[in-house]
Amino acid sequence: MKDYQDLQTLYQIADINENCIDIDFAYAFIAAMASSELDLSQWMPMLFVNADESLSSEKVANNFAQAVLAIYENCRDRLQQQLPLYIPDEKSLVEGENVLPYDEAIHHQKISQFAKGYLQALMLIDNVQALRFPEGSVEGNLQQTCLLLLDKLANPQTTDPQKLALFEQLPSSDEIIALLPILLSRYGAQCLNFSGKGEGE
């Protein structure tokens, strides 16, 4: 949680707030990247609204990079130990030293952005590392479960009849939020193990 709050502090800087993607999207993207073997240089530019742009101040840029690396390393440690990942919730809605009142709309918006960021990262990882788990296997089922649950959180306003029918068969959003920290951790550990096997072959 501290890593997220440190990121919140940086997002109060206009240069970062204006030039970087949504904070919850970014946090999830970084957390998911911790389950990959991609170099920082391969995905760091995606944290900016325009990948070709950079922050105007070298000090701000360094502080942002250090915050990103801290989140990455902390999430990677948690994945390797299969400890639950942190997902932003109403407790993370802070302004300075004050905790802001819970707002359900903001809460669900934050969760939706988190899910979108995690999904985009997983798609990038899959495209580069080709994470193919046997259909019907425990590993394959875990992958599909995580993708489906994230998809429901990422698209709460969908009008697609097929998705709506599928989402109705899944747990409620609140139940998914409670399940995801450990499920994403298990899946991340699975991805790291898959990558390690690939390097050894």
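Preceding this section is the structure that the text describes.
Residues numbered from 1 in each chain as written. Predicted model: local features only at pLDDT ≥ 70, side-chain atom pairs only at ≥ 80, totals over all residues. Heavy atoms only, no water.

Asks: For the nonpolar core, give the residues involved together with the corresponding values.
Replies: Ranked by size, the top nonpolar core spans 62 residues in total, and within it Met 33, Trp 43, Leu 47, Phe 64 and Tyr 118 carry the most contacts. Listing elements by their share of this core, those giving two or more residues are α1 (2-10), α3 (23-33), α5 (58-80), α6 (104-129), α7 (138-154) and α9 (173-200). Tallying contributions element by element places α3 first for this core, with 10 residues. Ignoring any residue separated from it by four or fewer positions in sequence, one finds Leu 47 in contact with Cys 20, Ile 21, Ala 26, Phe 29, Ile 30, Phe 64 and Val 68. (Core = buried A, V, L, I, M, F, W, Y, C linked by side-chain atoms within 4.5 Å. Buried < 20%, exposed > 50% of the residue type's maximum accessible area, 1.4 Å probe, protein only. Helix = DSSP H or I, 4+ residues; strand = E, 2+ residues; numbered from the N terminus. Contact = heavy atoms within 4.5 Å.)

Asks: Can you break down unusual backbone geometry residue by residue, with the values?
Replies: Even without being glycine, Gln 82 reaches a positive phi, approximately 55°. As for its position among the elements, Gln 82 is in the loop between α5 and β1 (94-95).

Asks: Summarise the side chain of Asp 24; cite the residues concerned and give the values.
Replies: You can see Asp 24 is positioned in helix α3. When its relative accessible area of 3% is taken as the criterion, Asp 24 is described as buried. Looking at Asp 24, its side chain comes within polar contact range of the side chain of Tyr 4, at 2.5 Å. Dropping the residues within four chain positions of it, Asp 24 is found in contact with Tyr 4, Pro 88, Lys 110, Gln 113 and Phe 114. (Polar contact = N/O pair within 3.5 Å; in protein donor to acceptor, adjacent residues only side chain to side chain.)

Asks: How would you explain the packing of aromatic side chains if you had to name every residue and give the values?
Replies: Summed over all chains, the structure comprises nine aromatic pairs. Measuring from ring centre to ring centre gives 6.3 Å for Phe 133 and Tyr 187, while their planes differ by 70°; the resulting arrangement is edge-to-face. Placement of Phe 133 in the loop between α6 and α7 and of Tyr 187 in helix α9 is noted, with a sequence separation of 54 residues between them. In this structure Phe 133 comes out as buried when scored by relative accessible area, which is 13%. Look at Phe 133 and Phe 194: their rings are 5.2 Å apart centre to centre, the planes differ by 65°, and that puts the pair in the edge-to-face class. Of the two residues, Phe 133 sits in the loop between α6 and α7 while Phe 194 sits in helix α9, which places them 61 residues apart along the sequence. With relative accessibility at 27%, the residue Phe 194 sits in the partly exposed group. (Phe/Tyr/Trp six-rings, centres within 6.5 Å; stacked < 30°, edge-to-face > 60°.)

Asks: Describe a negative patch on the surface, with residues and values.
Replies: The grouping of Asp 103, Glu 104, Asp 174 and Glu 175 at the surface amounts to a negative patch. Of note, Asp 103 is situated in the loop between β2 (98-99) and α6. Classification of Asp 103 as partly exposed rests on a relative accessible area of 32%. (Patch = residues over 30% accessible without salt bridge, like charges linked within 9 Å, V, L, I, M, F, W, Y side chains within 5 Å. Areas by Shrake-Rupley, 256 points an atom, 1.4 Å probe, with all protein chains shown as cover. Salt bridge = Lys/Arg side-chain N within 4 Å of Asp/Glu carboxyl O. Lys, Arg positive; Asp, Glu negative; His and termini not counted. Charge placed at Lys NZ, Arg CZ, Asp CG, Glu CD.)

Asks: Break down the packing of α1 against α5 for me, citing the residues and quoting the values.
Replies: Packing of α1 against α5 brings their axes to within 10 Å, and their N-to-C directions diverge by 160°. Between α1 and α5, the crossing angle belongs to the class labelled roughly antiparallel. The two elements α1 and α5 meet at a crossing, and its hand is left-handed. Residue-level contacts link Asp 3, Leu 7 and Leu 10 of α1 to Asn 63, Phe 64, Ala 67, Ala 70, Ile 71 and Asn 74 of α5. Here the residues of the contact of α1 with α5 sort into six nonpolar, two polar and one charged. (Axes fitted to C-alpha atoms, helices over the stretch in contact; angles between N-to-C directions. Parallel < 35°, antiparallel > 145°, perpendicular 65-115°, else oblique. Left-handed = near helix turned anticlockwise from the far one by under 90°. Nonpolar A, V, L, I, M, F, W, Y, C, P; charged D, E, K, R; others polar.)

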